[in-house]
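If you want the building blocks of each chain, they are given just below.
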Amino acid sequence: MRGAMIHAPGDIRFETLDDPRILHPTDAIIRTAVTCVCGSDLWPYRGVEPTGEPHPMGHEYVGFVEEVGSDVTAVRPGQFVVGSFATSDNTCANCRNGFQSNCVHREFMSTCQADHIRIPNAEGTLVATDGVPGEELWPGLLAVSDVMGTGWWAADAAEVRPGSTAVVVGDGAVGLCAVIAAKELGAERIIAMSRHESRQKLARAFGATDIVAERGDEGVARIKELTGGIGADSVLECVGSGESMRQALHSARPGGNVGFVGVPHDVALDGQELFFSHVGLRGGPAPVRRYLPDLIERVQSGAIDPGPVFDLTLPLDQVAEGYRAMDERRAIKTLLKP
């Protein structure tokens, strides 16, 4: 098979690799329909996270089942499936409580920028679609495997309610999908924080009612101005930097909630400030598996279409250009076709 390997910061190579095989009876092998580059992949690409030895990349996927282990009965060869970036058995106590991304048997996917993938915990991780969806739906379904599911988790964790005001911090693919989620969960006002015209336009198309271009203290002041000096009911933090977290916490009203889904880098919280703010804080790796059946149905029915977050499509063998385009902000998110 062929797939992407990172060798050092800025050094992504498309290489011939060993074919995946069933290692455990709970595994499945899928042939990739489409995959992509994630904003979080840029952390090692930029050297913010160490690379160490060369290793495969990618954690978002949809595809066709080719082989299953002896314990896998939920999906069968030939079916089109969507999975999560965090695999789960979907039966342990954490899974039953809705936090499949903290499954006691969890494995994070990391080999998905390839034409074939081994899926651990396939029985609890993969969800088959009703028939093979048209290729026009593949980008939206691919988004469900991570960025749409993560955006939904941000809105859920921030307790977006009908008629509420929600602020989305971050205009990457997750932030844009969080706008969709906030709208679907009934927010009356959705304020997207973005400084980029093309992303502002997409945020509005997804349901944003207001755009705030300012950042930091100026951004917080603008949010307060738009909310009568009080702050937002829900703030969806979709970046993971110290600045974005401070901006999110300070933009929430007393008694409001922050859902944080950006992988934290250099984030430190002031316990006393949080204590007196009365702001609730919840986040972490998105329990995408919890939302898969619902989100797949919404995409297939046309209720939502997160597919436009992919604004660059390349052959899989041009994966290195996909990274460069996102790193240089020439693309929001790169779709890769094997």
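Predicted, not measured: the structure shown is a model, and the values here were computed from it. (Residues numbered from 1 in each chain as written. Predicted model: local features only at pLDDT ≥ 70, side-chain atom pairs only at ≥ 80, totals over all residues. Heavy atoms only, no water.)

## Regarding the sheet that holds strand β14 (residues 232-237)
Part 1 of the argument: As summarised here, the arrangement of the six strands in space is β13-β12-β11-β14-β15-β16, forming an open sheet in which the pairing is parallel. Of all the strands in the sheet, the pair left with one neighbour each is β13 (210-212) and β16 (280-283). Within the sheet, the average angular offset between the axes of one strand and its neighbour, ignoring direction, is 20°.
Part 2 of the argument: For strand β11 (residues 165-169) and β14, the ladder comprises four bridges, and the chain directions are parallel. Directly across from V169, in β14, lies its bridge partner E237. (Pairing = 2+ DSSP bridges. Helix = DSSP H or I, 4+ residues; strand = E, 2+ residues; numbered from the N terminus. Axes fitted to C-alpha atoms, helices over the stretch in contact; angles between N-to-C directions.)

## With respect to helix α12 (residues 319-327)
Part 1 of the argument: When α12 is considered as a whole, its buried residues turn out to be V319, A320, G322, Y323, A325 and M326.
Part 2 of the argument: Where the residues of α12 are buried, they touch β1 (2-8), β2 (11-16), α1 (42-45), β17 (312-315) and β18 (334-337).
Part 3 of the argument: Residue R329 follows α12 closely and has a positive phi angle near 60°. (Buried < 20%, exposed > 50% of the residue type's maximum accessible area, 1.4 Å probe, protein only. Contact = heavy atoms within 4.5 Å.)

## Some points on helix α8 (residues 216-226)
Part 1 of the argument: The set of residues buried in α8 consists of G216, G219, V220, I223 and L226. What you see down the axis of α8 is that its buried residues fit within an arc of 125°, all on one side. In α8, the exposed positions that point more than 90 degrees away from the buried face belong to D217, E218 and E225.
Part 2 of the argument: On its buried side, α8 packs onto β11, β12 (189-193), β13 and α9 (242-251).
Part 3 of the argument: At the exit of α8 stands G228, carrying a positive phi of roughly 65°. (Arc of directions from axis to C-beta.)

## Considerations on the layout of surface pockets
Part 1 of the argument: When its volume is computed, the second largest pocket comes out at roughly 310 Å³.
Part 2 of the argument: Lining the second largest pocket are 22 residues; nearest its centre among them are M1, P20, P56, T111 and R118.
Part 3 of the argument: Counting residues per element, the ones that place at least two in the lining of the second largest pocket are β1, β8 (107-108) and β9 (116-119).
Part 4 of the argument: Residue composition of the lining of the second largest pocket, grouped by class: twelve nonpolar, five polar and five charged. (1 Å grid on protein atoms, 1.4 Å probe; cavity = no way out; pocket = protein on both sides within 12 Å on 5 of 7 lines; lining within 4 Å. Points joined across faces, edges and corners; volume = space filled by probe spheres on them. Nonpolar A, V, L, I, M, F, W, Y, C, P; charged D, E, K, R; others polar.)

## Section: the environment of L137
Part 1 of the argument: As for its placement among the helices and strands, L137 is situated in the loop between β10 (127-128) and α4 (138-144).
Part 2 of the argument: Along the sequence, L137 and V299 sit 162 residues apart, while their C-alpha atoms lie 7.3 Å from each other.
Part 3 of the argument: For L137, the residues in contact, after removing those within four places along its chain, are V299 and Q300.

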